[in-house]
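Residues per chain, in single letters:
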Amino acid sequence: MDIITWMKKNSRAFRHAGSFLEYADKADSLLLCGEFAASLAPFYRSIGFSGPIYSYEGKDSYERSLMAVEMESVSKIEGPFSIISAPLYIQSLGTRELTSFLFDAYYALEDGGLLYISFPDAISPNVKDKELVDSFYSDGKVYMKYYSLFDVLQSVEAIGFSIQDIEMDEVDFHDRLISVALKKGGITPSCC
């Protein structure tokens, strides 16, 4: 099954991808991180986002031909952006990669900027870095790391994000999907 077919079948998993925009102070520019986010570009246009849309593929590439909306691809997460959207992205990152992504996102956002993430919740933290598992959106296998909600919230708060909203949904492909809207405040990350 291709990614667009899977997304249509599992649209419930993306229902908060647009509603979180209500927490944005402004919506001047949008960075979409990962294959699911980039595929949502037409959705963001349909709900009225009129600013420039950028995509960040990360280390793994995806089918750019799926995109019906023109957007510029970036090789690094560097801003300023008013919004970064990364649905179903962080589970593809190992612990060190996740930490780097969160710091990069924090620094790439304008003050008051918004980071949206969603991920399958782990009942208990996955102590392995990433493991090869059956993909929930294709017939193949992918590397995934399952994070617990507690660990993610602890990490984002330590970096300096404030939590705006948390949603939990039961989904067919996993027990529970977590969606989190985070805002960059005037707080300096604890590392600096």
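Residues numbered from 1 in each chain as written. Predicted model: local features only at pLDDT ≥ 70, side-chain atom pairs only at ≥ 80, totals over all residues. Heavy atoms only, no water.

Asks: Whenever I open this one, the confidence of the model for the protein confuses me. Can you help?
Replies: Low-confidence regions, as indicated by low pLDDT, have predicted coordinates that should not be scrutinised in detail. Mean pLDDT over the protein stands at 77; residues scoring 70 or higher make up 68%. Of the regions scoring below 50 in pLDDT, residues 61–68 engages in 16 contacts with residues more than four places distant in sequence or in other chains. (pLDDT = per-residue confidence, 0-100. Contact = heavy atoms within 4.5 Å.)

Asks: Any chance you could explain the nonpolar core here in plain terms?
Replies: The biggest cluster of nonpolar side chains holds 31 residues, and the ones touching the most others in it are Cys 33, Ile 84, Phe 101, Leu 115 and Ile 117. When contributions to this core are tallied by element, the ones reaching two or more residues are strand E1 (30–33), strand E4 (81–87), helix H5 (95–108), strand E5 (109–120), helix H6 (149–159) and strand E9 (174–184). In terms of residue count, the dominant contributor to this core is H5 (six residues). The contact partners of Ile 117, leaving out residues within four places of it in the chain, are Ala 86, Ile 90, Phe 101, Val 152, Ile 178, Ser 179, Val 180 and Leu 182. In terms of nonpolar packing, the next biggest core, distinct from the first, is built from 16 residues, Ala 24, Ala 37, Leu 40 and Met 71 among them. (Core = buried A, V, L, I, M, F, W, Y, C linked by side-chain atoms within 4.5 Å. Buried < 20%, exposed > 50% of the residue type's maximum accessible area, 1.4 Å probe, protein only. Helix = DSSP H or I, 4+ residues; strand = E, 2+ residues; numbered from the N terminus.)

Asks: Please clarify how the packing of aromatic side chains should be interpreted in this entry.
Replies: One pair of aromatic rings is described through two measures. These are the centre distance and the angle between the planes. Inspection of every chain in the model, using the stated rule, returns five aromatic pairs. Both rings, one in Tyr 54 and one in Phe 81, keep their centres 5.5 Å apart while their planes meet at 65°; by these two values the pair is edge-to-face. With Tyr 54 in strand E2 (residues 53–56) and Phe 81 in strand E4, this residue pair connects regions lying 27 residues apart in the sequence. According to the relative accessible area criterion, Tyr 54 is partly exposed, its value standing at 21%. (Phe/Tyr/Trp six-rings, centres within 6.5 Å; stacked < 30°, edge-to-face > 60°.)

Asks: When you look at the pairing of E5 in this model, what are you seeing that I'm missing?
Replies: A regular strand carries its side chains on alternate faces of the sheet. Counted residue by residue, E5 has 11 buried out of 12 residues, so it is predominantly covered. As paired elements, E4 and E5 share six bridges and run parallel to each other. When the bridges of E5 are listed, Ala 86 appears paired with Ile 117. With respect to chirality, the unit in which E4 leads through H5 into the neighbouring parallel E5 is right-handed. (Pairing = 2+ DSSP bridges. Right-handed = clockwise from strand over helix to strand, strands pointing away.)

Asks: For this particular structure, what's the right way to read H5?
Replies: The periodicity of an α-helix, 3.6 residues per turn, causes residues three or four places apart in sequence to face the same way. Along its 14 residues, H5 runs 20 Å from first to last C-alpha, staying within 8% of the 20 Å computed at 1.5 Å per residue. Taken as a whole, H5 has its buried residues at Leu 98, Phe 101, Leu 102, Ala 105, Tyr 106 and Ala 108. (Expected span 1.5 Å × (residues − 1).)

Asks: Please clarify how H6 should be interpreted in this entry.
Replies: Among the residues of H6, Leu 149, Val 152, Leu 153, Val 156 and Ile 159 are the ones counted as buried. The buried residues of H6 occupy an angular sector of 130° when projected down its axis, which confines them to one face. Looking one or two places after H6, you find Gly 160, whose phi comes out positive at around 125°. (Arc of directions from axis to C-beta.)

Asks: Got a minute to help me understand the side chain of Lys 183 in this structure?
Replies: Mapping Lys 183 onto the fold places it in strand E9. Overall, Lys 183 belongs to the buried group, its relative accessible area being 15%. In contact with Lys 183, other than residues within four places in its own chain, are Tyr 23, Asp 25, Gly 112, Gly 113, Leu 114, Gly 160, Phe 161, Ser 162 and Gln 164.

Asks: Can you help me understand the pairing of E2 in this one?
Replies: Inspection of the sheet shows E1 paired to E2 by four bridges, in the parallel sense. Across the sheet, Leu 32 pairs through a bridge with Ser 55, a residue of E2. Alignment of E2 against strand E3 (residues 72–74), held across three bridges, turns out to be parallel. Counterpart to Tyr 54 in the pairing with E3 is Glu 72.

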